[in-house]
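Residues per chain are reported as follows:
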Amino acid sequence: MEQLLDYFVVFGLDTRKQKPKQSDWIQLSGHADAFAFGRPGILCKRCSSDGNEAIAYELLMNDPLRPFVPQYSGTVPYGDERYIILENLLSHFKNPNIMDIKMGTRTFLEEEVSNDKPRHDLYEKMVKLDANAVNEAEKEIKAVTKSKYMIFREKMSSSSTLGFRIEAFKTDLQTKAKDLFLVKSRDQVKEVLNKFLPSKLEHIKKIIDRLHRLRASLQSSPFFANHEVVGSSLLIVYDECKVGVWMIDFAKTVPLPNGIDIDHSSPWIKGNHEDGYLFGLDNLIDILEELLIE
């Protein structure tokens with residue numbers, strides 16, 4: 001499979017001749033260092049050190065969710081790294097409009113917040129965002145636990161209230177990323193979605209229909225039933241002619257521990273492994289359906 005890296009091509013365009021417009025999206029969504037070059041229609045993404053994402057994609061190729069994820073073609077070494085070979089979803093569109101929506105009520109693994117040792121660096125980050133978010137005991141030692149900090153971060157966005165947050169979007173008229181982190185309320189989310197959604201009502205209906213079909217597939221998916229889906233995104237893409245919605249980013253998607261069952265909708269309590277994915281998807285569908293009739 002190493003021949004897939006023969007051409008210096010990113011997102012289907014030869015970078016020796018021109019800089020691909022789609023590379024701006026990689027910069028926007030914060031993944032600039034995670035990608036290598038591949039042939040047209042191929043995206044090569046650096047594997048996570050634990051290999052979780054490659055394992056997830058391999059399982060998804062034989063799951064009801066298969067139509068809702070990019071085609072996976074294995075892994076390949078490149079330099080000192082190993083890369084996942086994925087279908088470049090943007091190659092199906094001309095001048096695509098793109099939105100990345102981070103799904104779930106938490107974007108951190110339980111093991112990431114298992115250490116209760118207070119940290120000074122996280123305290124400094126926290127007080128810069130909201131000085132009133134720390135209690136007197138934390139002020140005394142000038143430190144907070146990672147669990148406290150991560151939960152605080154989720155509560156700053158719509159992740160905690162709606163089960164999803166808009167990470168970034170790009171249209172012909174607008175490119176937004178960094179200023180979306182504090183978009184929290186339902187009305188604020190609707191305002192951002194209105195800036196992104198296509199003018200054609202038929203396109204919006206197709207996006208909603210695909211989300212409904214995704215939900216039905218999630219309900220019948222053995223993969224979804226047996227994994228906590230954390231830090232995964234929905235990629236919504238449209239151009240003048242068509243729309244698409246896919247699940248992407250599975251580096252933090254891991255199998256549930258033995259004996260643990262989740263419904264993907266209940267609130268997360270440390271140890272229960274709930275991810276809030278369906279809670280977020282239902283809210284996203286509801287908001288889009290509201291926008292359709294407004």
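Source: prediction; values computed, not measured. (Residues numbered from 1 in each chain as written. Predicted model: local features only at pLDDT ≥ 70, side-chain atom pairs only at ≥ 80, totals over all residues. Heavy atoms only, no water.)

## Things to note about the overall build of the protein
When you go through the protein residue by residue, the secondary structure sums to 10 helices and 13 strands. In the protein, which comprises 294 residues, the proportion classed as buried is 51%. Taking as baseline every contact in the protein between residues at least 6 positions apart, the subset at least 24 positions apart corresponds to 71%. For the protein, the computed accessible surface area is about 14,400 Å², with 51% contributed by carbon and sulfur atoms. (Helix = DSSP H or I, 4+ residues; strand = E, 2+ residues; numbered from the N terminus. Buried < 20%, exposed > 50% of the residue type's maximum accessible area, 1.4 Å probe, protein only. Contact = heavy atoms within 4.5 Å. Areas by Shrake-Rupley, 256 points an atom, 1.4 Å probe, with all protein chains shown as cover.)

## Some points on the packing of helix α3 (residues 120-129) against helix α5 (residues 146-156)
Where α3 contacts α5, the axes come no closer than 10 Å and their chain directions differ by 25°. It follows that α3 is roughly parallel to α5 by the angle criterion. The way α3 lies across α5 gives a crossing that is left-handed. Contacts from Leu122, Lys125, Met126 and Leu129 of α3 reach α5 at Lys146, Lys148, Tyr149, Phe152, Arg153 and Met156. (Axes fitted to C-alpha atoms, helices over the stretch in contact; angles between N-to-C directions. Parallel < 35°, antiparallel > 145°, perpendicular 65-115°, else oblique. Left-handed = near helix turned anticlockwise from the far one by under 90°.)

## Let's talk about the confidence of the model for the protein
Reading fine detail from the predicted coordinates is not recommended where pLDDT is low. Scored by pLDDT, the protein comes out at a mean of 86, with 87% of its residues at no less than 70. Below pLDDT 50 for its whole length, residues 1-22 participates in 55 contacts with residues either more than four positions away or in separate chains. (pLDDT = per-residue confidence, 0-100.)

## Comments concerning the side chain of Ser233
By secondary structure assignment, the location of Ser233 is in strand β11 (residues 233-238). Of the residues examined, Ser233 reaches a relative accessible area of 0% and is grouped as buried. A distance of 2.8 Å separates polar atoms of two side chains, one belonging to Ser233 and the other to Asp100. Other than its neighbours up to four places away in sequence, Ser233 contacts Asp100, Ile101, Lys102, Met103, Trp246, Met247, Ile248 and Asp249. (Polar contact = N/O pair within 3.5 Å; in protein donor to acceptor, adjacent residues only side chain to side chain.)

## Description of the layout of surface pockets
Over the atoms rolls a probe the size of a water molecule, and its path tells where empty space is left. In this structure, the second largest pocket encloses a volume near 350 Å³. Taken together, 19 residues form the lining of the second largest pocket, with Asn97, Asp172, Tyr238, Asp239 and Glu240 sitting closest to its centre. (1 Å grid on protein atoms, 1.4 Å probe; cavity = no way out; pocket = protein on both sides within 12 Å on 5 of 7 lines; lining within 4 Å. Points joined across faces, edges and corners; volume = space filled by probe spheres on them.)

## Details of the packing of helix α7 (residues 186-196) against helix α10 (residues 277-293)
The interhelical angle for the contact between α7 and α10, taken along N-to-C directions, is 65°, at an axis separation of 11 Å. Handedness of the crossing formed by α7 with α10: right-handed. Residues Arg186, Val189, Lys190, Leu193 and Asn194 of α7 pack against Asn283, Leu284, Asp286, Ile287, Leu288, Glu290 and Leu291 of α10. Of the residues in the contact of α7 with α10, the class split is 6 nonpolar, 2 polar and 4 charged. (Nonpolar A, V, L, I, M, F, W, Y, C, P; charged D, E, K, R; others polar.)

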